[in-house]
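Each chain is listed here by its residues.
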Amino acid sequence: MGRVSEPIPVTRAVDHGTAKLMPDVDRERAWLLTVDGAPQSYVDLDEPTHLEFEYARRLGHVLDTVGGPGRPLDALHLGGGALSLPRYLAATRPGSRQHVVEFDRGLLELVAEHLPLPAGADVTLHAADARAWLETAPDDSADVLVADVFGGSRVPAHLTSVAYAREAARVLRPGGVYLANLADAAPFAFLRSQLATLGTRFEELALIAEPGVLRGRRFGNAVLAAAHRPLDIAALSRATAADAFPARVEHGTALRDFTRGARPVHDEDAVPSPVPPEGAFGIG
């Protein structure tokens, strides 16, 4: 007979789709958030440092290299989901001040109701368009900017241009790091254009992805990191190689070769990221 307190799924119509929170049968207070069937976030309320999704772990590895170990960060997250990375930063870097910008107010309300943030986490939520909010943010106000914004399963076009990159660079401090979760497949027209676009504002670029994705064998996520100062490539490479699903860090000459011929994107010719093939990110 099941326990009286056994969690049950929660389904709710939010502003931009149907959100569902599904309990993980293997972890007592862990939940998967999907929107219109596409996985958005995974949260373990008892263990906020547990990042289930591979791309989220790679974002976490980069976050671990920003500033000194354990030093509080001022972080800006574009795209909220279930707030997995804000929870991670609050746990690994107590005292961090974080802002989360999420377009879907209904989704924010669902997460706040069913997956409350831990006491003491300094996380401020904003229901707004990511670029519009970014354009009003103060200069030099963030140590890290994480862009994980998907409209459905695609990165919106207005978050892919040189004008957007200029705003991101303005808001970041000189030692800050920009991070983006992107998705593409060979021949990587979108991913290469994003590297070219960020390269107009940042001297240092790195790309983290599974070898199978980089070799063009399948559609998948890639984490793009951009900074004005050298990134700790050695530490990133060690951390990503040690994952259950190892990834490779591309930078320097190899990344320049990968990007060669790609042009920066401007607002007038910006397009969303490609449509994922059926089943690429769905729940079976």
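Located above this text is the structure these notes cover.
Residues numbered from 1 in each chain as written. Predicted model: local features only at pLDDT ≥ 70, side-chain atom pairs only at ≥ 80, totals over all residues. Heavy atoms only, no water.

Asks: What am I meant to see in empty space enclosed by the protein here?
Replies: Summary: where empty space remains is shown by rolling a probe the size of a single water molecule over the atoms. Evaluated as defined, the whole model comprises 2 cavities of 30 Å³ or more. When its volume is computed, the largest cavity comes out at roughly 90 Å³. Lining the largest cavity are 13 residues, and of these A147, V155, L159, Y178 and L182 sit closest to its centre. Those elements that provide at least two residues to the lining of the largest cavity are β9 (172–184) and α6 (189–198). Per element, the largest residue contribution to the lining of the largest cavity is 4 residues, and it comes from β9. Looking at the lining of the largest cavity residue by residue, the class counts come to 9 nonpolar, 3 polar and 1 charged. If you add up the space inside the second largest cavity, you get close to 30 Å³. Lining of the second largest cavity is provided by Y42, V43, D44, P48, H50, L51, S84 and R87. (1 Å grid on protein atoms, 1.4 Å probe; cavity = no way out; pocket = protein on both sides within 12 Å on 5 of 7 lines; lining within 4 Å. Points joined across faces, edges and corners; volume = space filled by probe spheres on them. Helix = DSSP H or I, 4+ residues; strand = E, 2+ residues; numbered from the N terminus. Nonpolar A, V, L, I, M, F, W, Y, C, P; charged D, E, K, R; others polar.)

Asks: How do you make sense of the pattern of salt bridges when you look at a structure like this?
Replies: If charged atoms from side chains of opposite charge come close, those side chains can pair. Tallying each qualifying case throughout the model produces 17 salt bridges. Across the pair R12 and E113 runs a salt bridge whose closest N-O atoms are separated by 2.9 Å. With R12 in strand β1 (residues 10–14) and E113 in helix α3 (residues 105–114), the pair connects residues that are 101 residues apart, well separated along the chain. Residues D74 and R97 are paired through a salt bridge, measuring 2.8 Å at the closest nitrogen-oxygen approach. Of this pair, D74 sits in strand β5 (residues 74–78) while R97 sits in strand β6 (residues 97–102), placing them 23 residues apart in sequence. In the salt-bridge network here, residues are joined through shared partners; they are E54, R58, E210 and R218. (Salt bridge = Lys/Arg side-chain N within 4 Å of Asp/Glu carboxyl O.)

Asks: It is not clear to me how the packing of helix α1 (residues 54–65) against helix α2 (residues 84–92) should be interpreted in this structure. Could you clarify?
Replies: In a packed pair of helices, the relevant descriptors are the angle between the two axes and the axis-to-axis distance. Orientation of α1 relative to α2, taken along the N-to-C sense of each, is 35°, at an axis distance of 11 Å. Pair α1 / α2 crosses with right-handed handedness. Together, A56, L59, G60, L63 and D64 of α1 and L85, Y88 and L89 of α2 make up the contact between the two elements. Partitioning the contact of α1 with α2 into residue classes produces 6 nonpolar, 1 polar and 1 charged. (Axes fitted to C-alpha atoms, helices over the stretch in contact; angles between N-to-C directions. Left-handed = near helix turned anticlockwise from the far one by under 90°. Contact = heavy atoms within 4.5 Å.)

Asks: Explain the nonpolar core to me, please; I cannot follow it from the model alone.
Replies: Considering soluble globular proteins, one finds that nonpolar side chains tend to be buried as a cluster. In this structure, L78 and Y178 are the most contacted members of the largest nonpolar core, which totals 36 residues. Of all the elements, helix α5 (residues 162–171) adds the most residues to this core, at 5 residues. Those residues within four positions of Y178 in sequence are excluded, and the remaining contacts are L145, A147, Y164, A168, L172, L198, F202, L224, A225 and A226. (Core = buried A, V, L, I, M, F, W, Y, C linked by side-chain atoms within 4.5 Å. Buried < 20%, exposed > 50% of the residue type's maximum accessible area, 1.4 Å probe, protein only.)

Asks: How do you make sense of the sheet that holds β1 when you look at a structure like this?
Replies: By way of backbone hydrogen bonds, the strands of a sheet pair with one another, either parallel or antiparallel. Reading across from one edge, β1-β2-β3-β4 is the order of the 4 strands in this open sheet, with antiparallel pairing throughout. Among the strands making up the open sheet, the edge pair consists of β1 and β4 (38–44). Taken over all neighbouring pairs, the strand axes of this sheet differ in orientation by 20° on average, direction set aside. As judged from the 5 bridges shared by strand β2 (residues 17–23) and strand β3 (residues 30–35), these two strands associate in the antiparallel manner. Counted as the bridge partner of P23 is W31 from β3. (Pairing = 2+ DSSP bridges.)

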